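# An overview of the molecular structure
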Amino acid sequence: RIEAEEAAKAEAEAQAMASTSLPVNKFAQEAGFRSVYLDWCGEYGKEPCESGFQSFCSNYEAARKTGMQLKMDEYADQNVHEREKIEAEEAAKAEAKAVAFRDRENQLKEEKKKAFKEQKRIEAEEAAKAEAEAQAMASTSLPVNKFAQEAGFRSVYLDWCGEYGKEPCESGFQSFCSNYEAARKTGMQLKMDEYADQNVHEREKIEAEEAAKAEAKAVAFRDRENQLKEEKKKAFKEQKRIEAEEA
């Protein structure tokens, strides 16, 4: 029943198309060619109409005259101007995708450059800080024989407090002396930095915190660099997908 209804509908559409007053070329006058058009409509889900049939015939005739194979795609029932408009729109979409990909790729390159510069800046700051600390240690390190002269050594402690903006106190002085004594026993040079009045546990805690901060910065930089690499991979895959679709 369904097949009979569809056949009757197709026949009615064919008769309606044949009865219109649109100019008909020699292909449109061939009953077999109209069935080709109707099959094409069924394949692409198009509603048959006389204007579409005429464009379909014209496109076929133009292709035959130029010796080219008819492009029987979903736009085969469009006239020249409609097809040119559709092709221009598709070309514009493809170009927009390509431009978006290039812009994203350039953005990733710029972000990677910025991340690299930031890493170099951090490394330069850390190197400068280490150099300054080394110079400070070289200029303020106490020779062993001065430690025995407590009065003179206290003045060194007071000078150190003034340099680092510390409030002198006995507990700080004792830690200062203990740190120097420990350095003397081990034969190491005293690190006369801003933490020279801290005891062993306090200094270890401070150094651990600073090491943790430095490690966190390094991890953050590596994570960002890995993220940029992944984004670049995705962008490259997307470009390949677009190129494959266009091809």
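Cut-off values and rules
Residues numbered from 1 in each chain as written. Predicted model: local features only at pLDDT ≥ 70, side-chain atom pairs only at ≥ 80, totals over all residues. Heavy atoms only, no water. Helix = DSSP H or I, 4+ residues; strand = E, 2+ residues; numbered from the N terminus. Buried < 20%, exposed > 50% of the residue type's maximum accessible area, 1.4 Å probe, protein only. Contact = heavy atoms within 4.5 Å. Disulfide = S-S within 2.5 Å. Expected span 1.5 Å × (residues − 1).

### Observations concerning the overall build of the chain
- Looking only at helices and strands, the chain features 7 helices and 0 strands.
- Sequence-ordered secondary structure for the chain, helices as α and strands as β, is α-α-α-α-α-α-α.
- Across the 247 residues that make up the chain, the buried fraction comes to 27%.
- Of the contacts formed within the chain by residues at least 6 apart in sequence, a portion of 54% connects residues at least 24 apart.

### Regarding the state of the cysteines
- Applying the stated rule across the entire model yields 0 disulfides.
- Of all cysteine sulfurs, the one in Cys169 lies closest to Cys161, which takes part in no disulfide; the gap is 7.3 Å.
- Judged by relative accessible area, Cys161 falls into the buried class, the value being 2%.

### Brief notes about helix H7 (residues 200-246)
- Given a rise of 1.5 Å per residue, 47 residues ought to cover 69 Å, and the 68 Å separating the end C-alpha atoms of H7 matches this to within 8%.
- Arg203, Ile206, Phe221, Leu228, Glu231, Ala235, Gln239 and Ile242 are the residues of H7 that are buried.

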